[in-house]
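# Reading the structure
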Amino acid sequence: MKRIASLFLGAFIVIASALPSQAADTYALDVKGGHYYAGFQISHLGFSTMHGRFDKLDGTITYDAANPAASKVNIVIQAGSVNTNHAKRDGHLNSPDFFNTGEFPEITFVSTKVEPGANGMAKVTGDLTMLGVTKSITLDARTIKVGAHPFNKAPIAAWSARGTLKRSDFGMNYGLPAIGETVTLVLDVEGKKQ
Amino acid sequence: MIDFFAHPAVQSGILPFSLSACIVALLGFSGAQRFAGLAVALGFGTAYVATFGWPAFLPHTSGQKIAYVAILAAAYGVTTDTQRLSFAQRIAGAGTLVVLVTVWIAWRKMWAAPSLDHVLALLIMGGGVLAVWATERTAKDPADPIVSLLAVCLGFAGLAFFGASASIAQNALGLAAALGGVMVLNWPRRRFGLSAQARLVPVVVLVALATQVVFFTKAPAWTLALVLPALFAQSLAQRWLPADGARSALARPVILIILTILMLVPAVAAAWYMSLSSALDGGY
């Protein structure tokens, strides 16, 4: 009797693992592999567009293919890793004038609502916390691909998101209006299934 | 017009200087002399709003707290002037304010296990109390502490600039300009506004800015210590300062500001040297 029960249990496990997953999967950002980009763009005195990025971030994306509205995003950016390809400007961006990283070392984004659209698109609304202020922002996101890595067959997925914010909403007022008020955010990430 | 007010020289120079001078004149000549020293707080407040916008009602960042620090210092200055507090009472009250401001600005660092940060905070508090003592003790000329503070604000701005924070530098320049506005109405003839209201706002705001510099910028903290002796320039250089009469009223502030600025050269030079690799470089 005990052997029959073990047999049934083993068969159940084999069958269950062979079926396509219906539950949400959690993907950890591929930080180790460097497959991530968290950037921003801002007007420099009304002339050029200045591009910057954060070199250190981490987080998870819980993706529910069957019910994308149940998906969740949680990202933590180390503000002190800001990189604009100019050491002196990066020092200034770290100062209390802008990201004030000595006082607020992290920028976080936690999704609160995902509204699926067509062709893998979705509007991801979430709470962005920066400089001690939390505001709701909406990102236009796209699921690029979910599947197995072509070589090692590990399950991975990739997303891309764009959005804008007004920096004064977060109390980052220095240099306004000469240095742009509207900041464009760009997030391109790849995650490994946990 | 927007471009005009967005220029740092206007925000932290022309605007606070001219507004402070106008307020001193308005209050002084309209019979409200005892409140003329508030021109420093109002001039600085204008510079602050022009640079950063209105501060948040509930300040989140150390930078947003600076505006409220100025208001608190001005309120205590009015109390000091109107209640005729003794020297000991003035030092005790302003010293308490300095301690509270340091803790408030550095709150996120203070709310942690004991570390070097707490020692640095104690040193800032000590330096602040020393600055209060240096500026509140009886001076031969009531303009002496105002002039010394003006020069110290200029030196501090240089130090903050090399510490990679233009906004802190602008705050210090805004203070210097507001003090300059008060001095315009008091040079060569001393008229009004040279009161605790005018002295305490720059001292307490400088303590708050020093706390920001130490904890939230890359400026080496020890360079700030080199600023303190400048507040004693009037005592150290007594022999070169004319003591009485019209010649003194005319020449004393000029000589004193030059001497104080000279005493600040080592602090600014040290900050510059220490931050050669990370100092702000305009034009990027």
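Criteria and thresholds
Residues numbered from 1 in each chain as written. Chains lettered and ligands numbered in written order. Predicted model: local features only at pLDDT ≥ 70, side-chain atom pairs only at ≥ 80, totals over all residues. Heavy atoms only, no water. Helix = DSSP H or I, 4+ residues; strand = E, 2+ residues; numbered from the N terminus. Areas by Shrake-Rupley, 256 points an atom, 1.4 Å probe, with all protein chains shown as cover. Lys, Arg positive; Asp, Glu negative; His and termini not counted. Charge placed at Lys NZ, Arg CZ, Asp CG, Glu CD. Contact = heavy atoms within 4.5 Å. Buried area = accessible area lost by both parts, 1.4 Å probe. Salt bridge = Lys/Arg side-chain N within 4 Å of Asp/Glu carboxyl O. Core = buried A, V, L, I, M, F, W, Y, C linked by side-chain atoms within 4.5 Å. Buried < 20%, exposed > 50% of the residue type's maximum accessible area, 1.4 Å probe, protein only. Phe/Tyr/Trp six-rings, centres within 6.5 Å; stacked < 30°, edge-to-face > 60°. Lys NZ or Arg CZ within 6 Å of the ring centre and 35° of its normal. Axes fitted to C-alpha atoms, helices over the stretch in contact; angles between N-to-C directions. Parallel < 35°, antiparallel > 145°, perpendicular 65-115°, else oblique. Left-handed = near helix turned anticlockwise from the far one by under 90°. Nonpolar A, V, L, I, M, F, W, Y, C, P; charged D, E, K, R; others polar. Patch = residues over 30% accessible without salt bridge, like charges linked within 9 Å, V, L, I, M, F, W, Y side chains within 5 Å. Expected span 1.5 Å × (residues − 1). pLDDT = per-residue confidence, 0-100. Pairing = 2+ DSSP bridges.

## Things to note about the overall build of chain B
Helix and strand content of chain B: 13 helices and zero strands. Starting at the N terminus, the α and β elements of chain B follow one another as α-α-α-α-α-α-α-α-α-α-α-α-α. With the principal axes as the frame, chain B shows a C-alpha extent of 50 × 45 × 35 Å. As displayed, chain B has an accessible area near 12,100 Å², and 72% of this comes from carbon and sulfur atoms. Distance from the positive charge centre (16 side chains) to the negative charge centre (8 side chains) of chain B: 6 Å.

## Some points on the interface of chain B and chain A
Contacts between the two partners involve 28 residues from chain B, matched on the other side by 21 residues from chain A. When chain B packs against chain A, the two sides together hide about 2,000 Å² of surface, and 55% of this comes from carbon and sulfur. Taken together, the links from chain B to chain A amount to one salt bridge. Arg108(B) is the salt-bridge partner of Glu103(A), the closest N and O atoms lying 4.0 Å from each other.

## Describing the nonpolar core
Counting 128 residues, the largest nonpolar core has Phe99(A), Phe156(B), Val201(B) and Val205(B) as the members making the most contacts within it. The residues contacting Phe156(B), other than those within four sequence positions of it, are Ile168(B), Ala172(B), Leu206(B), Leu209(B), Ala210(B), Val213(B) and Leu224(B).

## Topic: the environment of Gln83(B)
Mapped onto the fold, Gln83(B) is located in helix H4 (residues 62-83). Linking Gln83(B) and Thr211(B), residues 128 residues apart in sequence, is a C-alpha distance of 30 Å.

## A closer look at the packing of aromatic side chains
Per the counting criterion, the structure on display carries 15 aromatic pairs over all chains. Look at Tyr27(A) and Trp159(A): their rings are 5.5 Å apart centre to centre, the planes differ by 75°, and that puts the pair in the edge-to-face class. Residue Tyr27(A) is found in strand S1 (residues 25-29), and its partner Trp159(A) is found in strand S10 (residues 155-166); the two are separated by 132 residues along the sequence. No difference in accessibility class separates Tyr27(A) from Trp159(A), as the two residues are buried. Measuring from ring centre to ring centre gives 5.9 Å for Phe98(A) and Tyr174(A), while their planes differ by 75°; the resulting arrangement is edge-to-face. Here the residue Phe98(A) occupies a position in the loop between helix H2 (87-94) and strand S7 (106-116), and Tyr174(A) occupies one in the loop between S10 and strand S11 (182-193), the gap between them amounting to 76 residues. Judged by relative accessible area, which is 7%, Phe98(A) ranks as buried. Linked through ring pairs, Phe98(A), Tyr174(A), Phe44(B), Tyr48(B) and Phe52(B) together constitute an aromatic cluster. Arg137(B) extends its terminal NZ or CZ atom over the ring of Trp133(B), reaching a point 5.2 Å from the ring centre.

## Some points on the packing of helix H8 (residues 143-162) of chain B against helix H9 (residues 166-184) of chain B
Residue and element names in this part refer to chain B. Put simply, H8 and H9 touch, their axes get as near as 8 Å, and they point 160° apart. The angle between the axes of H8 and H9 places the two elements in the roughly antiparallel class. When the axes of H8 and H9 are compared, the crossing they make is left-handed. Across the interface between the two elements, Ala143, Ile146, Val147, Leu149, Leu150, Cys153, Leu154, Phe156, Ala157, Ala160 and Phe161 from H8 touch Ile168, Ala169, Ala172, Leu173, Leu175, Ala176, Leu179, Gly180 and Met183 from H9. Each residue belonging to the contact of H8 with H9 can be placed in one class, and the counts come to 19 nonpolar, one polar and no charged.

## A word on a nonpolar patch on the surface
Residues and elements named next belong to chain B. Together, Trp187, Leu250, Val254, Ile258, Leu262 and Val265 make up a nonpolar patch on the protein surface, roughly 530 Å² of accessible area in all. Mapped onto the fold, valine 265 is located in helix H13 (residues 245-274). The exposure class of valine 265 is partly exposed, given its relative accessible area of 45%.

## So, H4(B)
Here H4(B) is 22 residues long and its end C-alpha atoms lie 31 Å apart, about the 32 Å a rise of 1.5 Å per residue gives. Arg84(B) occupies a position one or two residues after H4(B) and carries a positive phi of about 50°.

## Focus: the confidence of the model for chain A
In regions of low pLDDT, the predicted coordinates are not meant to be interpreted in detail. When pLDDT is averaged along chain A, the result is 90, and 89% of the positions lie at 70 or above. Of all secondary-structure elements in chain A, the lowest mean pLDDT belongs to helix H1 (residues 2-18) of chain A, at 49, while strand S5 (residues 72-78) of chain A reaches the highest, 98.

## Notes on the pattern of salt bridges
Residues and elements named next belong to chain A. Within the structure shown, the criterion is met by nine salt bridges over all chains. A salt bridge links lysine 193 to aspartate 25; the shortest N-O distance between them is 3.7 Å. Placement of lysine 193 in strand S11 and of aspartate 25 in strand S1 is noted, with a sequence separation of 168 residues between them. Aspartate 25 gets classed as buried once you look at its relative accessible area, which sits at 16%. Arginine 162 serves as the salt-bridge partner of aspartate 188, at 3.6 Å between the closest nitrogen and oxygen. Residue aspartate 188 is located in strand S11, and its partner arginine 162 is located in strand S10; the two are separated by 26 residues in the primary sequence. For arginine 162, a relative accessible area of 37% translates into the label partly exposed.

## Remarks on the pairing of S7(A)
Two faces make up the sheet, and in a regular strand the side chains alternate between them. All names here are of chain A. Where S5 lies against S7, five bridges are found, and the strand directions are antiparallel. Along S7, the bridge assignment pairs asparagine 74 with valine 110. The antiparallel pairing of S7 with strand S8 (residues 121-130) creates a hairpin that spans four residues between the two strands, and asparagine 119 there sits at a positive phi of about 55°.

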